[in-house]
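# Chains, contacts and geometry: an overview
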Amino acid sequence: MTDPGYEQARDELAEVVAKLEAGGLSLEDSLALWERGEALAKICDRHLAGARERIETALAAVEAESE
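Below is a short write-up of the structure. (Residues numbered from 1 in each chain as written. Predicted model: local features only at pLDDT ≥ 70, side-chain atom pairs only at ≥ 80, totals over all residues. Heavy atoms only, no water.)

Of regular secondary structure, the protein chain possesses two helices and zero strands. Summarising its shape, the C-alpha atoms of the protein chain cover approximately 60 × 25 × 15 Å along the three principal directions. Within the protein chain, the fraction of its 67 residues that count as buried is 12%. Surface exposure of the protein chain reaches about 5400 Å², of which carbon and sulfur atoms provide 56%. (Helix = DSSP H or I, 4+ residues; strand = E, 2+ residues; numbered from the N terminus. Buried < 20%, exposed > 50% of the residue type's maximum accessible area, 1.4 Å probe, protein only. Areas by Shrake-Rupley, 256 points an atom, 1.4 Å probe, with all protein chains shown as cover.)

Pasting the structure below:
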């Protein structure tokens, strides 16, 4: 299964956080949501790191052209 895109992962993470903050869940359900939230946060981090790398590469190319 492929990872969701950044926006989808971010939106699902926000839903997970809202459910956890609302409370009223069993310990098992809370732990499952926490684990899903951790996985989603890692997916978001990977997407952001990739975007950061693309920006840095583009900026380096522009700087190299101007020299």
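That shown, we press on.
A full pass over the atoms with the stated rule returns three salt bridges. When the shortest N-O distance is used, the salt bridge between Arg46 and Asp3 registers 2.6 Å. In this pair, Arg46 sits in helix α2 (residues 27–66) while Asp3 sits in the segment before α1 (6–22), placing the two residues 43 residues apart along the sequence. The class of Asp3 is partly exposed, set by a relative accessible area of 43%. Here Arg36 and Glu12 are joined by a salt bridge, their closest N and O atoms 2.8 Å apart. You can see Arg36 sitting in helix α2 and its partner Glu12 sitting in helix α1, a full 24 residues away along the chain. For Arg36, a relative accessible area of 30% puts it in the partly exposed group. (Salt bridge = Lys/Arg side-chain N within 4 Å of Asp/Glu carboxyl O.)

With 17 residues, α1 extends 24 Å from end C-alpha to end C-alpha; this agrees with the ideal 24 Å at 1.5 Å per step. One or two steps after α1, the chain reaches Gly23, where phi turns positive at roughly 75 degrees. (Expected span 1.5 Å × (residues − 1).)

Bringing α2 into the picture now. Spanning 40 residues, α2 covers 58 Å between terminal C-alpha atoms, matching the ideal 58 Å at 1.5 Å per step. Turning to α2, its buried residues are Leu33, Gly37, Leu40, Ile43 and Cys44. Packed against the buried residues of α2 are α1. (Contact = heavy atoms within 4.5 Å.)

Axis angle and axis distance: for two packed helices, these are the angle between their axes and the distance between the axes, and together they describe the pair. In contact at an axis separation of 9 Å, α1 and α2 are set at 150 degrees when each is read in the N-to-C sense. Between α1 and α2, the interaxial angle falls into the category roughly antiparallel. α1 and α2 meet at a crossing whose hand is left-handed. Within the contact between the two elements, α1 uses Tyr6, Ala9, Arg10, Glu12, Leu13, Val16, Lys19 and Leu20 and α2 uses Ser30, Leu33, Trp34, Arg36, Gly37, Leu40, Ala41, Ile43, Cys44, His47 and Leu48. Residue classes in the contact of α1 with α2 are distributed as twelve nonpolar, three polar and four charged. (Axes fitted to C-alpha atoms, helices over the stretch in contact; angles between N-to-C directions. Parallel < 35°, antiparallel > 145°, perpendicular 65-115°, else oblique. Left-handed = near helix turned anticlockwise from the far one by under 90°. Nonpolar A, V, L, I, M, F, W, Y, C, P; charged D, E, K, R; others polar.)

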